[in-house]
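# Structural overview for review
What follows is each chain in one-letter form.
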Amino acid sequence: MPLNIVLVEPEIPNNTGNIGRLSLATGSTLHLIKPFGFELNDTRLKRAGLDYWQHLSVIIYEDVNQLMTKHRDKKFAYLSSHGAKNHWNIPFEDDMFLVFGKESVGLPNSIISNHQEELFKIPMYSKHIRSLNLANAVSIVVYEGLRQMSI
């Protein structure tokens, strides 16, 4: 039941390292879209991913268009605090792409406006918080997907 985790322009190496470890643990493929806020040989990235990084399936893209063109026949879900539907309403399926924005600003406006039907959020129950940590958000969504697909 593999999923595809997509990080659009990730900025924080520790988050990407943790998400890499999660990808390996869940049998998911990690897709990274440039530019990055770090180098792929960053020690913080490797430390967060521990010694698992070498076993991880990672695909790198120059931009979002390259990802979309290569996988145009696949199902996508986009995660954003601007989504109207909750993440547990995603119609999860094998080989689906789960797309997350960068830590500072989330998904680009072009993705948000062009994919309203596939735009989902993780509900937050406090008015004092804007967003969750990216690694936590990815974990929540991926494991919900695995749970639903295993029923």
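This section reports on the structure supplied with the text. (Residues numbered from 1 in each chain as written. Predicted model: local features only at pLDDT ≥ 70, side-chain atom pairs only at ≥ 80, totals over all residues. Heavy atoms only, no water.)

### Regarding helix α5 (residues 134-150)
Between its terminal C-alpha atoms α5 stretches 24 Å, which fits the 24 Å expected from 17 residues at 1.5 Å a residue. Within the sequence span of α5, burial applies to Leu134, Ala135, Ala137, Val138, Val141, Val142, Glu144, Gly145, Leu146 and Met149. Summarising the contacts, the buried residues of α5 are in contact with β1 (4-8), α1 (13-26), β4 (76-79) and β6 (97-100). (Helix = DSSP H or I, 4+ residues; strand = E, 2+ residues; numbered from the N terminus. Expected span 1.5 Å × (residues − 1). Buried < 20%, exposed > 50% of the residue type's maximum accessible area, 1.4 Å probe, protein only. Contact = heavy atoms within 4.5 Å.)

### With respect to the pairing of β4
What you see with β4 is no split at all: Phe76 and Tyr78 on one side and Ala77 and Leu79 on the other are buried throughout. Both β4 and strand β7 (residues 119-121) contribute to a ladder of two bridges, which runs parallel. Bridge pairing in β7 places Tyr78 opposite Leu119. (Pairing = 2+ DSSP bridges.)

### Things to note about the packing of α1 against α5
Two numbers describe how α1 lies on α5: the axes approach to 9 Å, and their chain directions differ by 15°. With respect to their mutual orientation, α1 and α5 come out roughly parallel. For the element pair α1 and α5, the recorded crossing hand is right-handed. Here Asn15, Asn18, Ile19, Leu22, Ala25 and Thr26 of α1 come into contact with α5, specifically with Leu134, Ala135, Val138, Ser139, Val142, Tyr143 and Leu146. (Axes fitted to C-alpha atoms, helices over the stretch in contact; angles between N-to-C directions. Parallel < 35°, antiparallel > 145°, perpendicular 65-115°, else oblique. Left-handed = near helix turned anticlockwise from the far one by under 90°.)

### Side note on the nonpolar core
Counting residues in hydrophobic clusters, the biggest one holds 28 residues, and the most contacted among them are Ile5, Leu7, Leu98, Phe100 and Val138. Counting residues per element, the ones that place at least two in this core are β1, α1, β2 (29-33), β4, β6 and α5. The element contributing the most residues to this core is α5, with eight residues. Excluding anything up to four places from it in sequence, Phe100 contacts Ile5, Val6, Leu7, Val8, Leu79, Leu107, Leu134, Ala137, Val138 and Val141. The next biggest cluster of nonpolar side chains, apart from the first, holds 15 residues, and it includes Tyr61, Val64, Leu67 and Tyr78. (Core = buried A, V, L, I, M, F, W, Y, C linked by side-chain atoms within 4.5 Å.)

### Description of the packing of aromatic side chains
The geometry of two aromatic rings is summed up by the distance between their centres and the angle between their planes. Across all of its chains, the model carries three aromatic pairs by this definition. Between Phe36 and Phe38 the ring centres are 5.8 Å apart and the planes differ by 15°, which places this aromatic pair in the stacked class. Here Phe36 and Phe38 have matching classes, each one buried. Arranged with centres 5.9 Å apart and planes meeting at 10°, the rings of Phe76 and Tyr78 form a pair that is stacked. Put simply, the rings of Phe76, Tyr78 and Phe97 touch in pairs and so form one group of aromatic residues. (Phe/Tyr/Trp six-rings, centres within 6.5 Å; stacked < 30°, edge-to-face > 60°.)

### Notes on the sheet that holds strand β5 (residues 85-86)
The parallel open sheet is built from seven strands, whose spatial order is β3-β2-β1-β6-β4-β7-β5. Of all strands in the sheet, those bounded by a partner on one side alone are β3 (58-61) and β5. Where β2 meets β3, four bridges bridge the pair, whose relative direction is parallel. Each bridged residue has a counterpart across the sheet, and for Leu32 the counterpart in β3 is Ile60. Across the sheet, α5 touches β1, β4 and β6, and the angle it forms with β6 is around 155°.

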